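# Report on the structure
Spelled out from the first residue to the last, the chains are:
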Amino acid sequence: MRYRDLRGVLSSTVAVMAVAVSTPAFAQVRHFNIPAQSAVTGLPALAKQADIQLLVSSDAVEGKTVRALKGRMTVDEAIRRLVS
């Protein structure tokens, strides 16, 4: 699966997750500190720090990496930056 495909799958996941997470929780500003790593471990780290549930197909993230993420931002912004 190419990078472009991963981004599409993860963007779809974000859209689905946005429905599952209440708007106030999604808009809360939180501090994130996630090093660049495998998407298999990076996305759960983001979910834990954001205090949200994030469901992603293992096929969509296997062999993929996420960028480092550090600083205060909304959960929505953090997800977008991590997978960009």
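Here, every reference points to the structure presented above.
### A few points about the nonpolar core
The biggest cluster of nonpolar side chains holds 18 residues, and the ones touching the most others in it are Phe32, Leu43, Leu46, Ile52, Leu69 and Leu82. Sorting the residues of this core by element identifies strand 1 (29–34), helix 3 (39–50), strand 4 (69–74) and helix 5 (75–83) as the ones contributing at least two each.

### Details of the packing of helix 3 against helix 5
Put simply, helix 3 and helix 5 touch, their axes get as near as 11 Å, and they point 165° apart. Compared by their axis directions, helix 3 and helix 5 come out roughly antiparallel. Where helix 3 crosses over helix 5, the handedness of that crossing is right-handed. For the pair helix 3 and helix 5, contact is made by Gly42, Leu43, Leu46 and Ala50 and by Val75, Ala78, Ile79, Leu82 and Val83, respectively. Residues of the contact of helix 3 with helix 5, tallied by class, amount to 8 nonpolar, 1 polar and no charged.

Cut-off values and rules
- Residues numbered from 1 in each chain as written.
- Predicted model: local features only at pLDDT ≥ 70, side-chain atom pairs only at ≥ 80, totals over all residues.
- Heavy atoms only, no water.
- Core = buried A, V, L, I, M, F, W, Y, C linked by side-chain atoms within 4.5 Å.
- Buried < 20%, exposed > 50% of the residue type's maximum accessible area, 1.4 Å probe, protein only.
- Helix = DSSP H or I, 4+ residues; strand = E, 2+ residues; numbered from the N terminus.
- Axes fitted to C-alpha atoms, helices over the stretch in contact; angles between N-to-C directions.
- Parallel < 35°, antiparallel > 145°, perpendicular 65-115°, else oblique.
- Left-handed = near helix turned anticlockwise from the far one by under 90°.
- Contact = heavy atoms within 4.5 Å.
- Nonpolar A, V, L, I, M, F, W, Y, C, P; charged D, E, K, R; others polar.

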